[in-house]
Amino acid sequence: DYDFLADVLTDVIHLHDKNLTYYPMGFRDFQSLKPEIVAALPSPDNAISKVASVGGGLNEVGGSSASLDKMGGIDETTVSDGRDSPAPKFAISSIGDNQPSHIKPIRFPDPGPLEGVKNRSKCIMYMKDVSFTYPGTTKQILTAANVKITQDSRAALVGLNGAGKTTLMKLLIGELSPDEGVGDVWQHHNLRLAYIAQHSMHHLEESINNTPLEYLQNRFYLGRDKEIAKRSSHNLSKEELAQSQERGAICEIIGRQERGKTLFYECRRAGRKENDTDWEPITSLQKKDEFVMKMVRNFDEKLKAMHSGMDLRPLTKEEVRLHLAEFGIDEDLAMGKIKRMSGGQKSRLVLAAAMWINPHIIALDEPTNYLDNDTLAALTKALSDFKGGVLTISHNKAFINELCNETWLVGDGVVKAQAIAGKEKKLSVAERRALKKGDGEDFSLTEAKDNKKLTSAERKAAKAAALAAKGPIKDAYHVRKH
């Protein structure tokens, strides 16, 4: 925020090549004296202008962030319409195999197919008519929020500060729950999702004396992400643990089956023999005490880890070192203390840890606020190449234009989704028919839960059943006239 610096600074100290140079002047005078230094500083609009100058011939992003007050936090004119003028170019094409040596690339793993989903354009998460009020307050942050996400989604959550963008994201990933009895938040039971919060560095606070290699080994010990287990939506309190041990209460979830369109869970109850279990539908478990659904979520996470191969992936020194190298953390950094890493290097470590699970969806809260120029450039390139979906909260117009194909404007308790002009998604035939009937949104959400991919044997059985239902084929004959 250059205006803030101009109002506050009386002196400037420039750090370069391990030397400190003192300038007894305000920021505007320093900007006039050393424009090349200021041009390289991170800002909402030229977050990677330094990389642009290295790449050569690429358009630099300029301007002030002050214009981002329209449309609830993002200027209407900043998102290109694909016709009148080109979008501000995010200079990331220099990040790749032939990049400048000082910019280390980030490479995300391929998430692979989502088991049970026909194709990438199918809805795998949605929120319908959700309301949310923080405990102890009366103000509703959301009143009738509706969104849907596919593996092809590239959505930017925009809006004024306090409008509910982070709340919306936390509701989607399961860190918060909607008001009881109001609305529905659903995600595919096999979906793997990585969430990188705005203050994500707190994950490292307890491990600053460990090495990055030790941090990943400790976090994913036994094939589970300890950070997910700490969430309030997954972590059972002492009272809930005691409640689960009462005679007849569900004390453990040990299995899951899909019967038709409904998930059933195998439940073990306190006071019974180990092999004396019950199978209950998810609809029944949702009506029980909250600790039961926490057990369900924890069991789902266990199965997701199995599907991703995380439970079989060895946490050996070599395996973790190779993974960290994909995020620009070389062997020397991997074996050094986390407390000695720079802010950008710690950000890369947080990204590396989040991607260990091979997620299908990545959710990032204000990534342009806490990343340095080089890391932001490498991250944007990695997100552009990523084979899964991306949700991000950002006020950075260049970042949004480069990465996203739609914006979600959050305000007045609702969410308005709008495609970025020139990046509109083509509707399927079924979606177009549903829109003509006026139930397009309900169609896509209903279809999501009925999104089961049939095996070859199931398709053959269905075909045979359809033929059998038609009955025997009558022989055709001709009556001759005599």
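Here, every reference points to the structure presented above.
Described below are features of the structure shown in this document. (Residues numbered from 1 in each chain as written. Predicted model: local features only at pLDDT ≥ 70, side-chain atom pairs only at ≥ 80, totals over all residues. Heavy atoms only, no water.)

Another point: the overall build of the chain. Looking only at helices and strands, the chain features 19 helices and 14 strands. Taken across its 482 residues, the chain has 44% of its residues classed as buried. Counting only contacts in the chain whose residues sit at least 6 apart along the sequence, the fraction spanning at least 24 positions is 67%. In the form shown here, the chain has an accessible surface area of approximately 26100 Å², with 51% of it arising from carbon and sulfur atoms. (Helix = DSSP H or I, 4+ residues; strand = E, 2+ residues; numbered from the N terminus. Buried < 20%, exposed > 50% of the residue type's maximum accessible area, 1.4 Å probe, protein only. Contact = heavy atoms within 4.5 Å. Areas by Shrake-Rupley, 256 points an atom, 1.4 Å probe, with all protein chains shown as cover.)

Ordered by their spatial adjacency, three strands build an open sheet running β4-β3-β6, and the pairing between neighbours is antiparallel. Edge strands, defined here as strands with exactly one partner in the open sheet, are β4 (140–150) and β6 (184–187). With direction set aside, neighbouring strand axes in the sheet form an average angle of 15°. Across seven bridges, the pairing between strand β3 (residues 123–133) and β4 is antiparallel. Looking at β4, one finds that M127 is bridged to V147. (Pairing = 2+ DSSP bridges. Axes fitted to C-alpha atoms, helices over the stretch in contact; angles between N-to-C directions.)

The subject of this paragraph is the packing of helix α6 (residues 212–219) against helix α11 (residues 317–325). It is the contact of α6 with α11, at a shortest axis distance of 10 Å, that shows an interaxial angle of 110°. The pairing of α6 with α11 is recorded here as roughly perpendicular in orientation. Along this stretch, α6 crosses α11, giving a crossing that reads as right-handed. Two secondary-structure elements touch here, α6 through P212, L213, L216 and Q217 and α11 through K317, V320, H323 and L324. Of the residues contributing to the contact of α6 with α11, the split by class is five nonpolar, two polar and one charged. (Parallel < 35°, antiparallel > 145°, perpendicular 65-115°, else oblique. Left-handed = near helix turned anticlockwise from the far one by under 90°. Nonpolar A, V, L, I, M, F, W, Y, C, P; charged D, E, K, R; others polar.)

With that settled, consider empty space enclosed by the protein. For the structure on display, the rule yields two cavities of 30 Å³ or more. The computed volume of the largest cavity comes to approximately 100 Å³. Lining the largest cavity, in full, are L191, R192, L193, R224, D225, I228, E301, K304, A305, S308, M310 and I357. If one sorts the elements of the lining of the largest cavity by residue count, helix α10 (residues 290–308) sits on top with four residues. (1 Å grid on protein atoms, 1.4 Å probe; cavity = no way out; pocket = protein on both sides within 12 Å on 5 of 7 lines; lining within 4 Å. Points joined across faces, edges and corners; volume = space filled by probe spheres on them.)

What follows is about unusual backbone geometry. Within the chain, D17 stands out as a residue other than glycine whose phi angle is a positive 50°. Mapped onto the fold, D17 is located in the loop between β1 (12–16) and β2 (19–23). Positioned with a positive phi, K18 is a non-glycine residue whose angle comes to about 65°.

A word on the pattern of salt bridges. Under the definition given, this model contains 18 salt bridges. Among the ionic pairs, D152 bridges to R120, the shortest N-O distance being 2.9 Å. In this pair, D152 is assigned in the loop between β4 and β5 (154–158) and R120 in the loop between α4 (49–55) and β3, connecting sequence segments 32 residues apart. A residue is classified by how much of its surface remains accessible, and R120, at 33% relative accessible area, is partly exposed. Close ionic contact of D278 with R272 constitutes a salt bridge, the shortest N to O distance being 2.8 Å. With a relative accessible area of 23%, D278 lands in the partly exposed category. For R272, a relative accessible area of 36% translates into the label partly exposed. Overlapping salt bridges, with partners in common, bring together R269, R272, D276, D278, E280 and K288 in one network. (Salt bridge = Lys/Arg side-chain N within 4 Å of Asp/Glu carboxyl O.)

Let us look at the packing of aromatic side chains. Tallied over the entire structure, the rule returns six aromatic pairs. Judged by centre distance (5.0 Å) and plane angle (65°), the ring pair of Y23 and F30 falls under edge-to-face. Overall, the relative accessible area of 12% leaves Y23 in the buried class. Between F132 and Y134 the ring centres are 4.6 Å apart and the planes differ by 90°, which places this aromatic pair in the edge-to-face class. Judged by its relative accessible area of 4%, F132 is buried. Three or more aromatic residues joined by ring pairs make a cluster, and in this case those are F108, F327 and F386. Seen from the ring of F264, R259 lies directly overhead, with NZ or CZ sitting 4.4 Å from the centre. (Phe/Tyr/Trp six-rings, centres within 6.5 Å; stacked < 30°, edge-to-face > 60°. Lys NZ or Arg CZ within 6 Å of the ring centre and 35° of its normal.)

Once that is clear, we can look at helix α5 (residues 165–173). When you tally the buried positions in α5, you get seven out of nine residues, the bulk of the element. Listed as buried for α5 are K165, T167, L168, M169, L171, L172 and I173. Downstream of α5 by a residue or two, G174 has a phi angle that is positive, lying close to 100°.

The next point concerns the packing of helix α13 (residues 343–354) against helix α15 (residues 373–385). The geometry of α13 relative to α15 is characterised by a closest axis approach of 9 Å and an angle of 25° between their N-to-C directions. Comparing their axes, α15 and α13 come out roughly parallel. Here the hand of the crossing between α13 and α15 comes out right-handed. Counting all contacts with α13, which are made through G344, S347, R348 and L351, the residues of α15 involved are D374, T375, A378 and L379. Residue composition of the contact of α13 with α15, by class: three nonpolar, three polar and two charged.

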